[in-house]
Every structure is written in structure tokens, then in C-alpha cells.
Amino acid sequence: MTEPSKPLFDLTLTDEQRLMRDSVRKFAQTEMRPVARKYDEAAETPVDFYTKSLDLGFNAVQLPEELGGFGAARSPISNMLLTEDFAYGDMSLAIGALSSLSFINTVLDQGSPAQQAALLEPLTRDGFHPAALALTEPGARFNPKQLKTRATRSGSDYVLHGEKTLVPFGSTAERLLVVAELEGEGPAAFVVSPKDKGVSSARESFMGLRPLALSRVTLDGVNVPKAHKLGEDKPFDLDRLLDLCKIGNAALATGVGQAVLDYVRVYCNDRIAFGEPITNRQSVAFMIADIAIELDGLRLLTYRAASRAEQNLPFRREAYLAQLQAADKGMKIGTDGVQLLGGHGFIREHSVELWYRNLRAIAILQGCISV
Amino acid sequence: MINLELPERFEGLTQLMRAVSTNVLRPISRKYDKQEHDVPVELKVIDRRGTAAAAVRPDATDKSPDAKPRNKNGAAMSSVLSIEQMCWGDVGLMLSVPGAGLGNAAINAVATPEQKERFGNCYASMAITEPASGSDSGSISATARLDGDEWVLDGEKIFVTAGGRCDTVVVWATLDKRKGKSAIKSFVVPKGTPGMEVVKLEHKLGIRASDTATILFTNCRIPKDNILGSADVSEGGKREAFGKVMQTFDNTRPGVAAMSIGCARAALDLTLELLGDSVKLDYAKSQWEASSIEAELYRMEADWEAARLLVLRAAWMADNGEPNSMEASMSKAKAGRVGNAITLRCVELCGSVGYSEETLLEKFARDSKILDIFEGTQQIQQLIVARRLLNKSSSELK
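In this convention, every chain numbers its residues from 1, walking through the sequence in written order. Following the order in which they are written, the chains are lettered starting with A and the ligands numbered starting with 1. Predicted model: local features are reported for residues with pLDDT of at least 70 only, side-chain atom pairs are reported and counted for 80 or more only, and whole-chain, interface and lining totals are derived from all residues.

Some remarks on the overall build of chain B
Along the backbone of chain B there are 12 helices and 10 strands. Burial is judged by counting the other C-beta atoms within 10 Å of a residue's own C-beta: 20 or more makes it buried, 12 or fewer makes it exposed, and any count in between marks it as partly exposed, with every C-beta position built from the backbone. Counting every position in chain B, which comprises 398 residues, the buried fraction comes to 51%. Taking the contacts inside chain B whose residues are at least 6 apart along the sequence as the reference set, 74% of them involve residues at least 24 apart. In this description a helix means any DSSP run of H or I spanning at least four residues, a strand means any run of E spanning at least two, and both kinds are numbered starting from the N terminus. Once C-beta atoms are placed from the backbone, any two residues with those atoms within 7 Å are in contact.

Right, here's the structure in full:
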């Protein structure tokens, strides 16, 4: 047997990916866009929305058959495409809809087989079962390599102390994966419930991502059984989680960036000034061209990182570069989107100001959506 | 299946091109930057046919079960990859390899089988630009008129890459200026034809190893069948000839973009070498924990990588028969500007060493500028992308 040769360069989706893409894009148009503004104003998303999103079936695809899933191989590419297409509808709702999947992906990657069964089973039952990653900590200059949340051993259990911010479903999640520094041993991840003794959560308000109703979660001497330490005796691979979440961020920025591009193309072609469409002017048209050029560059970087992850090739550099362009070019696209609409871009009637606020989060989110 | 890694089939080619760059081009890089109009005789060791044969290889078709049967990685992909590697060596010298120019691309794209027989092995440059006609190549004034069995060419052409060294010139001329683009045709003129004269070689900011000529046509007579495409000047003829030749650029723009990423990579590699232990790129570290010089390097790597992937996409589309005019322009716009920005920043990051002629960084920064200009400036690429995105005609978005 010869080694299987490396595949050809290819940007074609598989049939499954194409089908999923078609349904998610439709869902984004019909079920997300029309409600995005309403939920942003309300700073709340009804559970109905998430329940409806589950009809697309994405949570089940890569779950093992024993847990009622389809048992397909872990696919960072499919998850990345899903994230991009959801974010095209709305970034906050995308994060909310994919939060449980991120938890599932992390448990599949790093949990023992027994843990996969025990920790994921509740998420496979009918209905929406929120779960989320809790990594970021409050304060300027958060560094995931210097976590302030501490875990200490207590007999065979663990005790957690610390504070997490930007946590989706902080008070309603059935599972939270809290990443903490296990004293003397490095980073570790623990599965807790907001109902556990010592866990409290408080709503936070941010510039964007308002429909997510993000929370600050305080852990004050929370007891975690050994079985809830992810990977049990194996060390937790925080870098892998961070890298996969960088791809998630880049996919979010790509989806929102595409939303901006499609919006300004139509708006600016219709907008008349000095007797003709403003897109007849190079200063406007070139800005739109640059949005498209940078967006496609970002998209390809994201695809490359995901495809390397999928093939089990090292993907740290590629994920890093995708995140970097997502933060830089994503925000540039966001601010140009508002600029192109002029004063109207500043008015909350148009989505561009909402995308602007949400895109600012791309540089800040860490450990949010893991593909 | 989405895969942005390159298959093994190109490894031999890129290694060969890198070896040519390292062993043949780099050692003479500074020499021909200084000796601006000397012909780089050392390039004769690069067997033009061998290189061409290595560069243009039959398409490989993906045979894995879930791949679309049509997925191909072929000539367009191997072409951008080899150009990238050659330009890692030296852009000017790469442009001086006989037979690698735009004129050959035009002949390959448009010539009839009979013409390919006659001109297929020539070293052809392309003469489009005139003193009063740059990006608006539809406004050229050089004329061609039929006199019996011959075309008679008159006019002045500037900025002809390899115009001094080539053996053949593909020249654009109008049959009737009042009829606009539809009357613009291209003609093959072998060197030595009476009435064609190289009158000047330019002194340039960069790519000095490559000669840039002014060519004068005065009552220059060539056989009637040296015209590329039809002689029809109706609207239909416009699509036939001008459009077709312009399409040559869809094929060559990713190539120029590849030059830019090759040159930028050379600058980045040399910068990392010169900075040595003072920087350490650690992709596991938060960008905010990096030094400012490291942060700049990360940004350049990201822009470089994005540009490169845009080039590979454009080539992949060409290999698979997909129209890629917009994507080709996107790749050139992004690669042109980031290539220039990277080479300039690398000089800055290395300080006096970067600015000095003792290394090649300052040369890369001079060479890269033309790559954001020739075969369509940055602004022309933006125009092409914008018109396509916004569904605008050239009279609406000028």
C-alpha cells in the first residue's frame, strides 16, 4: 500500500455541506434577519427561536450514534460553514444557536468516552438544551494563558473559585464548561451547572451581542466531582480549544461581513446624490470593492485553517492569521458599512450599526464558538 | 471537499523553481540591478523549454469518491506557483527569462493553429501602452492599415517589457480610431522587420534587470496573416478581438499577483533572518503579549497569506473552466498592495540594514512597486471588481 496522496486544492463543498448551507442560509434570511433588531432591542431571545433552529439538525450530525446522533466524523469545515451562514443572519443569534454545539465539540475532542456519554446525553433530548463555554474573565488585558479562576483538589473532587464574563446562557445553561487554572497542573476544564451551589450569575450589558443576554458567572467555592473534569486524568488542551475558537470567530466575521457587503451593494446602488447613484463614484464603489476583496481573503484564510484542522494537520498559525484578519478586516468592513450609508448608517433603522457593534466583539471573544 | 493545501504533484516543480531562484537568480540579483541594461547571460542556463514544460503540466483530476469529477489542479495553478518561486528569487530576472512574457500569453490564447506553428516558439513581448494611452488601452493611436497583402503599422509604443531583448513583438493598433475598441487589433511583428525600431530603454525605480523599451513603428509592413484574431471592426468583432486580448489579462493577472507574493515572501524571509533571535513568532501567544515588531510581522503574515489564497483561488477557477475575471482582479488588487506594503515595512523594520544596498531588502521594496501597477493598476482592479459587484457599465462607473 502506498500512502494516500495529498488531495488536490479544492473549494467545492461536499453534497452534505451544500444541503446544509442551503437550509441554513434560508433560515438566516427568513428566521433570523426579521427578528434580529427586535431581539437586540429586547436584549433577550425567546427560547422558541433556538428550538426552531434545532430543526436544522446540526447538533446531531457529529454526535455518536449511541447518543442518538448520526455519528458523522468531527468536521471543523462543516461547523465553520454553519457558523458563517448563521452569522449572515445575525451574529448574536448565531452564537446562541451554536453555543451548545461548541460545548459538544469540546467534549467530543477532549472528554473520555464515559464523559461523552454522561455529559452529552442531556443535550440530546428533545427541545433546546443550552450549554456554553466559560473562558473569558473580567478586566482589561485578559490573557487566557494566565487564568485567575482557580481549581484546587479536594479529596477526589475539585473546588472552583473565580469569575467569568461574556457567558452565553449564564443562568439557564444546563452545562457550562468552565476553564480554570488547576493549581500546579495547568489549565483544566470543568463542567458545572448554574444551579450548583456557589455559582451565581448576573446579567451584563455590552455594546453588542445584546440578544445573547450574556452573563458574568461567579464561582465561589463550587464543588466539582472528578467525573466532571474534562478528560479526567488527561491534561486539558487549552491551545486546541483557543485555536478552534479562532476559526469560529473568523467564520462569524465572514458571515457578518457578507451581510454588510450584500446590504451596501443594494443600498448604495439605489441611493441617489447629485443626480445619480452614489455607486457611480469611485470613492464609493472602490470602498465596496475593497470590502469584497478583504472579505474573500478572510474567508479563504478561515477555510484553510478549518480544512487543516479537519485533516489533522497543524493549524495553529492558520487559525491565528484568520483571527487576526477577522479582527482587523472585519471591523474595517463594519465601520465602512456604516460610512457608506452616511447619516442613515448611524440610525438604528438600518442593520449596519448593529453589525458594527457586533463586529467589534470579534477581537474580544475567546473561547466562544469552537468548530 | 474543501482543501486549501497543495497536492504533491506541484512539489517537484516548486522545489525546482526555488532552486533556480537560489542558485541562479539570487547570486546575480544585485549585479543586474546595477548593470541596468546588460542582458543577463547567466539566464541561458535556464532551459526555457524545460522550464515551460515543467510549468505547464497536464491537469490532474481529483479521483476521490466525494470530489466533483471536474476538480482540476492544472496549468494555471502550476503557473502561479512557479512564478511565485521565481519571484522569490528576483522579479526582474524572472521577467527576463525568454518566452515568459505577455506577448507569448497573447499568442497562446488567441493564435490560430497555423500562427502557433509560426510563432509558438518565439520570445514575444507585448506592446500596448503609448505616451498618451496607459490604463485606457481602448484609446490607443497606433494605426494599422491594409495595403494589398500587408498590414502597415505606424505609431509609438512605450513600456514594452523585454522589448529590447525579445525576437518578436505583439503590437496593438487600431484599424479606425473612430470605431473605438472594436477596431483595435493585435499584430505579430518579428524583430528585424523594416520600420520597427527600438529607440530607447528606460531607467527605472526597480526590476532593472528587465528591459523596458520604447518602440517606434514607421511604415512597418507585415504579412496580412500576422493579425491575431479577426480583422472585423463591427461590434461583434470587438468581442472577438479586443475582448479576447483583454481576457489574456484574466489569465495573467493572477500571475502578476503571484509575482507580488513571491517578492513579499522574499522580503519577509530575509527580515526574519536579519531580526534573528530578537523576535520569536509564537502563534500560541496572545497577539497583545507580542512585541510591537512581532505584532507587525503577524499582520504581514496574515495579509500575505490572504493574498496568496486569493491567487490560488483565481488559478483554481481558471483550471476548472470557471470565469474568474473578478477573482483574478481581486487577487491582483490584494497581492499588489500587500506585496508593496510588506516590502516597504520590512525595510523599515530592519532600519539602516534594510535601507542599505548590502542586503536585498531595499531592492525588493523598489521591485514590488511595479507589481501594483503593470497589467492593471490597483485602481483598475478595483474598477473591475466594483463594476462586477455593482452591475455597472463602464459608462456608469467611469
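Following the structure, the description resumes.
Section: the domain arrangement of chain A
All names here are of chain A. Domain ranges listed in this record stem from an automatic or a database domain assignment. Partitioning chain A into domains gives domain 1 (15-128), domain 2 (134-228) and domain 3 (238-363). Taking only C-alpha atoms into account, the centre of domain 2 sits 31 Å from that of domain 3. Note on residue categories: nonpolar means Ala, Val, Leu, Ile, Met, Phe, Trp, Tyr, Cys or Pro, charged means Asp, Glu, Lys or Arg, and polar means any other residue, Gly included. Class assignment of the residues belonging to the side of domain 2 that touches domain 3 gives a composition of 5 nonpolar, 1 polar and no charged.

Focus: the interface of chain B and chain A
Facing the 46 residues of chain B at the interface are 40 residues of chain A. Elements with a contribution of two residues or more to the side of chain B that touches chain A: helix H8 (292-319), helix H9 (325-349) and helix H12 (378-390) of chain B. By residue number, the principal contributor to the side of chain B that touches chain A is H8 of chain B, which donates 12 residues. The class makeup of the residues in the side of chain B that touches chain A is 26 nonpolar, 7 polar and 13 charged.

Regarding helix H8 (residues 282-310) of chain A
The end-to-end C-alpha distance of H8 of chain A is 41 Å, a good match for the 42 Å that 29 residues give at a rise of 1.5 Å each. Within H8 of chain A, 27 of the 29 residues are buried, which leaves the element mostly enclosed by the surrounding structure. Expected span of a helix, by definition, is 1.5 Å for each gap between consecutive residues, and there is one gap fewer than residues.

Focus: the domain arrangement of chain B
All names here are of chain B. Under the domain assignment, chain B is made up of domain 1 (8-100), domain 2 (104-232) and domain 3 (238-390). Among the secondary structure elements, those contributing two or more residues to the side of domain 1 that touches domain 2 are helix H1 (11-34) and helix H4 (91-95). Looking at which element gives the most residues to the side of domain 1 that touches domain 2, the answer is H4, with 4 residues. Taken together, the residues of the side of domain 1 that touches domain 2 break down into 8 nonpolar, 4 polar and 3 charged.

Considering the environment of Thr 30 of chain A
All names here are of chain A. In this fold, Thr 30 is placed in helix H1 (residues 15-42). On the basis of neighbour count, Thr 30 is assigned to the exposed category, with 10 C-beta atoms found within 10 Å. With 59 residues separating them along the chain, Thr 30 and Gly 89 place their C-alpha atoms 8.6 Å apart.

Here we look at unusual backbone geometry
With a phi close to 60°, Arg 141 of chain A is a non-glycine residue in the positive phi region. Topologically, Arg 141 of chain A is positioned in the loop between strand S1 (131-134) and strand S2 (150-154). Phi angles above zero are rare outside glycine, and Asn 219 of chain B is one such case at about 50°.

Comments concerning the packing of helix H4 (residues 76-89) of chain A against helix H7 (residues 238-270) of chain A
A packed helix pair is summarised by two numbers, namely the angle formed by the two axes and the spacing between the axes. All names here are of chain A. Contact pair H4 / H7: the axes reach a minimum separation of 7 Å and the direction vectors enclose 35°. Of the two possible hands of crossing, H4 and H7 adopt the one that is right-handed. Contacts between H4 and H7 involve Pro 76, Met 80, Thr 83, Glu 84, Asp 85, Phe 86, Ala 87 and Tyr 88 from the former and Leu 244, Ile 247, Gly 248, Ala 251, Leu 252, Thr 254, Gly 255, Val 256, Gln 258 and Ala 259 from the latter. Orientation is described by axes fitted as lines to C-alpha atoms, over the contacting stretch for helices, and by angles from 0 to 180 degrees between their N-to-C directions. By the definition used in this description, the sense in which the near helix is turned from the far one sets the handedness, with an anticlockwise turn below a right angle giving left-handed and a clockwise turn giving right-handed.

With respect to the environment of Asp 22 of chain A
Residue and element names in this part refer to chain A. Among the structural elements, Asp 22 can be located in helix H1. Residue classification places Asp 22 among the exposed positions, given that 11 C-beta atoms sit within 10 Å. Note: C-alpha distance between Asp 22 and Leu 354 (332 residues apart in sequence) is 25 Å.

Regarding the packing of helix H9 (residues 316-340) of chain A against H8 of chain B
It is the contact of H9 of chain A with H8 of chain B, at a shortest axis distance of 9 Å, that shows an interaxial angle of 95°. With respect to H8 of chain B, the element H9 of chain A is oriented roughly perpendicular. From H9 of chain A, Leu 321, Leu 324 and Gln 325 of chain A reach across to H8 of chain B, where they touch Tyr 298, Arg 299, Glu 301, Ala 302, Glu 305 and Ala 306 of chain B. The residue inventory of the contact of H9 of chain A with H8 of chain B, partitioned by class, reads 5 nonpolar, 1 polar and 3 charged. Should an angle fall under 35 degrees it is called roughly parallel, over 145 degrees roughly antiparallel, and 65 to 115 degrees roughly perpendicular, with every other angle called oblique.

Focus on H9 of chain A
Residues and elements named next belong to chain A. Spanning 25 residues, H9 covers 35 Å between terminal C-alpha atoms, matching the ideal 36 Å at 1.5 Å per step. The buried fraction of H9 amounts to 18 of the 25 residues, a majority that puts the element mostly inside the structure. Count one or two residues on from H9 and you reach Gly 342, which has phi positive near 60°.

Quick look at the confidence of the model for chain B
Every residue is assigned a pLDDT by the predictor, reflecting its confidence on a scale from 0 to 100. Per-chain confidence: chain B averages 91 in pLDDT, with 92% of residues scoring 70 or above. The ipTM, which scores confidence in the relative placement of chains, is 0.96 for this predicted complex, and the corresponding pTM is 0.95.

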